[in-house]
Amino acid sequence: MLSVFVAAQHQGNKVGTQIVNHLENEVKKLNAKCMRVPVTAEDKSFYKKLGYAEAEKRKEWTDAGLCVMEKIFLDA
């Protein structure tokens, strides 16, 4: 699993979007049909803007404020 955090002073400058787009392109090269990411409650809106939807809820994760979001690649 890979975790990436964008420093607060760089947030809002599309750095996170560029990182996710790059990772998605690499995943598509592997002919993957989707990409799943563990997400905190604070990050849900960011991933929703990028086309991700909540994919999986587990009580132990939701109690900790986490969920899994995924994006289906229609062009894969």
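First, a word on scope: everything that follows refers to the structure included in this document. (Residues numbered from 1 in each chain as written. Predicted model: local features only at pLDDT ≥ 70, side-chain atom pairs only at ≥ 80, totals over all residues. Heavy atoms only, no water.)

Regarding the environment of L66
In this fold, L66 is placed in strand β3 (residues 66–72). Between the C-alpha atom of L66 and that of V39, which follows or precedes it by 27 residues, the distance is 5.6 Å. (Helix = DSSP H or I, 4+ residues; strand = E, 2+ residues; numbered from the N terminus.)

Overview of the packing of aromatic side chains
Per the stated rule, a full pass over the model turns up two aromatic pairs. Ring-pair connections join several aromatic residues into one group, and the members of that group are F46, Y47 and Y52. (Phe/Tyr/Trp six-rings, centres within 6.5 Å; stacked < 30°, edge-to-face > 60°.)

Structural notes on the pairing of strand β1 (residues 34–40)
On β1, burial follows the alternation: M35, V37 and V39 on one face are buried, whereas C34, R36, P38 and T40 on the facing-out side are not. In this sheet, β3 lies alongside β1 in antiparallel orientation, the contact comprising seven bridges. Each residue of the ladder has a partner; that of R36, found in β3, is E70. (Buried < 20%, exposed > 50% of the residue type's maximum accessible area, 1.4 Å probe, protein only. Pairing = 2+ DSSP bridges.)

Things to note about the pattern of salt bridges
Under the criterion given, the structure shown has four salt bridges. The shortest N-O distance in the salt bridge between K29 and E26 comes to 3.1 Å. With a gap of three residues between them, K29 and E26 both fall in helix α1 (residues 15–29), about one helical turn apart. Notably, a salt bridge pairs R36 with E70, separated by 3.3 Å at the nearest N-O pair. Residue R36 is located in strand β1, and its partner E70 is located in strand β3; the two are separated by 34 residues in the primary sequence. (Salt bridge = Lys/Arg side-chain N within 4 Å of Asp/Glu carboxyl O.)

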